[in-house]
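# Architecture and fold: a report
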Amino acid sequence: MTWSRQTPYPRGQTLTCGDVEEAFSREGGDVRVVVEGEVHVEAQEHFYLETHGTIAFPTEDLAVEVVSSTQNPTFMQTAIAESLGVSKNKVKCRARRLGGGFGGKESRCALHVLPTAIAANKHQRPVRCVLERQEDMMMTGTRHPFLGKYKMGLDGRGKIVAYDVQYYMNAGSSVDLSQLVAVKAVLEAESCYHIPNLRARAYLCRTNIPSCTAFRGFGTPQAVIVMETALLQAARQMGVAPEQLRDVNLYADGDVIPSGLPLTQCTLRRCWDDVMVQGKFTQRRKEVDQFNSENRWRKRGIAVTAVEYGLSYSEDFLNQGAALVNIYTDGTVLISHGGVEMGQGLHTKVMQVASQVLNIPLSKIHVDDTSTGVVPNTSPTSASVGSDLFGAAVMDACSTLMKRLKPIQDGNPQYSWEQLVVAAYLDRVPLSATGFYKVTDVGYNTETGQGQAFKYMTYGAACSVVEVDCLTGDHHVLSTDIVMDVGKSLNPAIDIGQIEGAFMQGYGLVALEQYKVQGDGTLLTRGPGSYKIPSVGNIPRSFNVSLLTESGNPKALYSSKGVGEPPLLLAVSVLGAIHDAVRAARTDEGLNPFVPLNTPATPARVRMACCDRFTRLYEGEEKKSNRRPWFVDL
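A short tour of the structure in this document, coming up. (Residues numbered from 1 in each chain as written. Predicted model: local features only at pLDDT ≥ 70, side-chain atom pairs only at ≥ 80, totals over all residues. Heavy atoms only, no water.)

For the rest of this paragraph, the subject is the overall build of the chain. Across its full length, the chain carries 16 helices and 22 strands. Rg of the C-alpha trace for the chain: 26 Å, near the compact-globule value of 26 Å for 634 residues, within the 12% margin. Along the three orthogonal principal directions, the C-alpha set of the chain runs to about 85 × 55 × 45 Å. Each of the 634 residues in the chain was classed as buried or not, and the buried ones make up 59%. In the chain, 80% of the contacts between residues at least 6 apart in sequence involve partners at least 24 apart. Split by element, the accessible area of the chain, about 24800 Å² in all, is 51% carbon and sulfur. Considering the chain, the positive charge centre built from 63 side chains and the negative charge centre built from 66 side chains are found 3 Å apart. (Helix = DSSP H or I, 4+ residues; strand = E, 2+ residues; numbered from the N terminus. Rg over C-alpha atoms; globule rule 2.2 N^0.38 Å. Buried < 20%, exposed > 50% of the residue type's maximum accessible area, 1.4 Å probe, protein only. Contact = heavy atoms within 4.5 Å. Areas by Shrake-Rupley, 256 points an atom, 1.4 Å probe, with all protein chains shown as cover. Lys, Arg positive; Asp, Glu negative; His and termini not counted. Charge placed at Lys NZ, Arg CZ, Asp CG, Glu CD.)

Okay, the pairing of strand S8 (residues 160–172) next. Most of S8 sits out of view: 12 of its 13 residues are buried. Two elements, strand S7 (residues 146–154) and S8, share 9 bridges in a ladder whose sense is antiparallel. Bridge pairing links Gly148 to Tyr167 in S8. Across 10 bridges, the pairing between S8 and strand S9 (residues 197–206) is parallel. (Pairing = 2+ DSSP bridges.)

Summed over all chains, the structure comprises 6 aromatic pairs. Between Tyr168 and Tyr203 the ring centres are 5.3 Å apart and the planes differ by 25°, which places this aromatic pair in the stacked class. Note that Tyr168 is positioned in strand S8 and Tyr203 in strand S9, a separation of 35 residues in sequence. Note on Tyr168: relative accessible area 13%, which makes it buried. Exposure remark for Tyr203: the relative accessible area of 27% places this residue in the partly exposed category. Considering the side-chain rings of Tyr515 and Tyr531, the 6.4 Å spacing of their centres and the 85° angle between planes classify their relative orientation as edge-to-face. Remark: Tyr531 occurs in the loop between strand S20 (516–517) and strand S21 (542–547) and Tyr515 occurs in the loop between helix H13 (492–512) and S20; sequence separation between them is 16 residues. (Phe/Tyr/Trp six-rings, centres within 6.5 Å; stacked < 30°, edge-to-face > 60°.)

Now for the packing of H13 against helix H14 (residues 572–588). A pair of packed helices is captured by two measures, namely the crossing angle of their axes and the spacing between those axes. Between H13 and H14, the shortest axis-to-axis distance is 8 Å and the interhelical angle comes to 40°. Between H13 and H14, the interaxial angle falls into the category oblique. Taking contact as the criterion, the partners of Phe503, Tyr507, Val510 and Ala511 in H13 are, on H14, Ser573, Val574, Leu575 and Ile578. Of the residues assigned to the contact of H13 with H14, the class counts are 7 nonpolar, 1 polar and no charged. (Axes fitted to C-alpha atoms, helices over the stretch in contact; angles between N-to-C directions. Parallel < 35°, antiparallel > 145°, perpendicular 65-115°, else oblique. Nonpolar A, V, L, I, M, F, W, Y, C, P; charged D, E, K, R; others polar.)

This part takes up the environment of Cys610. Mapped onto the elements of the fold, Cys610 is located in the loop between helix H15 (603–609) and helix H16 (613–625). Residue Cys610 is classed as buried on the basis of its relative accessible area, which comes to 1%. Measuring from C-alpha to C-alpha, the distance between Cys610 and Glu589 comes to 8.9 Å, with 21 residues separating the pair along the chain. In this view, Cys610 contacts Cys470, Val582, Ala585 and Thr615; residues no more than four positions away in its chain are not counted.

Attention now goes to the sheet that holds strand S10 (residues 298–311). Across the sheet, which stays open at both edges, the 4 strands sit in the order S10-S18-S19-S21 with mixed pairing between neighbours. The open sheet is flanked by S10 and S21, the only strands paired with a single partner. Neighbour-to-neighbour, the strand axes of the sheet open up by a mean angle of 10°, direction not taken into account. Of the strand pairs in this sheet, S10 and strand S18 (residues 456–469) are connected by 14 bridges, and their pairing is antiparallel. Across the sheet, Tyr309 pairs through a bridge with Thr458, a residue of S18. The sheet contacts of helix H9 (residues 281–294) involve S10, S18 and strand S19 (475–485), and relative to S10 the element is tilted by about 145°.

Now for the side chain of Thr458. For Thr458, the position within the fold is in strand S18. Classification of Thr458 by relative accessible area gives buried; the value is 0%. A polar side-chain atom of Thr458 sits 3.1 Å from the main-chain carbonyl oxygen of Gly562. Excluding residues that lie within four positions of it along the chain, Thr458 makes contacts with Val307, Glu308, Tyr309, Leu311, Met484, Asp485, Lys561, Gly562 and Pro566. (Polar contact = N/O pair within 3.5 Å; in protein donor to acceptor, adjacent residues only side chain to side chain.)

Another aspect to go through is empty space enclosed by the protein. Summary: where empty space remains is shown by rolling a probe the size of a single water molecule over the atoms. Per the stated rule, a full pass over the model turns up 4 cavities of 30 Å³ or more. Taken as a whole, the largest cavity holds about 140 Å³ of empty space. Considering the residues around the largest cavity, the lining is formed by 13 residues, among which Thr264, Tyr456, Met457, Asn553 and Lys555 are closest to the centre. For the lining of the largest cavity, the class distribution of residues is 6 nonpolar, 4 polar and 3 charged. (1 Å grid on protein atoms, 1.4 Å probe; cavity = no way out; pocket = protein on both sides within 12 Å on 5 of 7 lines; lining within 4 Å. Points joined across faces, edges and corners; volume = space filled by probe spheres on them.)

Next up on the list: the state of the cysteines. Any covalent bond linking the sulfur atoms of two cysteines counts as a disulfide. Scanning the model with the defined rule gives 0 disulfides in all. For the unlinked cysteine Cys212, the closest cysteine sulfur is that of Cys205, found at 11 Å. (Disulfide = S-S within 2.5 Å.)

Take a look at the structure:
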């Protein structure tokens with residue numbers, strides 16, 4: 001793989017607040033401890049259950065109708081229309097449901113949608129294209145690998161005074177969504193910590209691998225891992241517990257984030273305090289230390305980390321959703337909206353909204369395919385705002401219908417729902433309505449790095465305990481406790497499932513999933529036989545998820561919050577726990593307790609980090625042989 005830091009794509013992204021240079025250079029100032037370093041956050045494959053697939057039908061009156069596994073039907077419609085040289089009203093794109101997406105089906109669908117649609121249009125026959133797993137992994141791109149280079153300055157109390165970070169992003173062979181990923185990465189560079197002086201710069205680097213693309217978290221996980229690595233190094237240099245540094249730097253209500261947004265109703269401290277209790281941190285810290293004092297070749301580690309995640313698209317025009325609601329004379333309801341169901345429970349939540357507004361049971365409600373022929377100009381289903389946008393659009397449409405039905409209902413209070421609908425039909429009251437919702441008071445200027453980039457924040461915290469075999473580098477997650485603020489949950493069962501799934505996917509990023517390519521860009525990990533994703537055996541042996549009580553969010557539907565992406569960041573607690581176990585092993589050897597761990601923290605990397613006489617023998621042989629690795633770390 002060719003990685004060139006000197007030849008980035010034309011535009012990157014920068015965010016600044018305060019004066020970093022002045023903070024570091026001020027003699028006798030607040031900065032008493034300075035740490036510098038770098039860490040790689042490598043690629044991650046989406047590995048959705050269903051690979052990319054498309055079937056295209058030539059039609060009598062349209063150029064083509066396409067059923068595709070895409071998170072972004074409108075983008076596919078636009079791309080097909082441009083490729084065929086026809087207007088958009090001649091192209092219809094539909095999606096019933098997807099077997100997972102995670103951002104990988106937002107833009108990269110074009111690789112198989114366009115050839116399929118062109119072939120169907122040319123030959124006037126239905127054409128189907130479904131990628132095999134190996135083809136999917138070789139073609140469709142991954143999470144962006146980052147090289148993070150950081151410099152952090154802290155005062156004597158452990159408060160972060162200044163943070164200067166550079167991200168070198170492996171964008172792959174084309175830009176795709178890399179520019180927007182860079183925006184999100186710099187916006188979340190500070191993670192959940194208040195930093196008065198910050199400078200974050202992201203550079204897009206062109207390489208000879210398939211274009212990297214959107215992935216759950218959209219640049220934020222990489223930025224958080226870099227931040228937590230810097231914080232760990234600072235804690236080890238200062239001789240204090242990482243939790244102490246995290247605690248004193250957490251955002252509080254009223255703090256202003258680097259882009260200029262003041263935090264209101266910030267529940268980060270509540271999540272942190274609750275997980276410290278739920279996770280029995282003090283007790284488990286003593287148990288871990290006791291275990292480590294009695295075992296040389298097995299070590300345990302514990303860590304608590306928090307998350308603050310901003311919800312909204314950075315591109316303002318994407319913050320909109322639409323829906324169509326039809327009521328039929330038998331009292332049943334059909335909903336069409338612009339969101340795509342891909343296992344996140346979006347249709348279920350939308351049905352709950354309609355049930356609440358129309359005051360009818362869920363059994364009378366059905367959600368139709370997502371179709372550009374029914375609801376046009378849709379935003380992609382991503383960024384954890386699907387329920388916010390499309391749920392609110394359905395609420396708007398249902399509210400319109402209830403206003404139309406109210407005069408008849410007031411005059412006939414004894415009518416059942418079915419009688420009410422029939423009476424409205426006979427009175428020629430329209431029983432179909434469109435709904436629309438747009439997010440207000442959001443606008444971020446990527447040129448100046450200022451503006452309200454997020455409508456609101458989702459908060460959470462996690463405590464994890466791991467046990468590491470120092471002779472093999474293998475590890476087991478003994479326990480994980482999570483407290484997540486999702487406001488007033490629309491569906492707690494769905495939200496807890498999303499939290500658990502996101503955490504495990506993040507665990508794969510930080511500890512398991514190693515993407516390997518040869519120097520010429522050829523992918524070596526082409527399936528589950530060579531690419532390890534989390535399995536049943538990797539689930540924490542004790543896994544407890546709680547939703548923060550007495551929380552709300554007046555800025556979204558029914559005071560709920562987006563939940564798809566934020567919990568993925570909590571898997572950094574596992575990485576912190578592995579660091580803690582490695583620290584114990586290195587301390588026994590009388591070595592510097594801190595060593596940066598590139599992610600994923602595979603057994604090989606953990607083993608070499610647990611330095612001892614065996615690893616020194618191996619390193620000596622490696623230097624003598626001057627062997628080069630047979631694959632390239634992304």
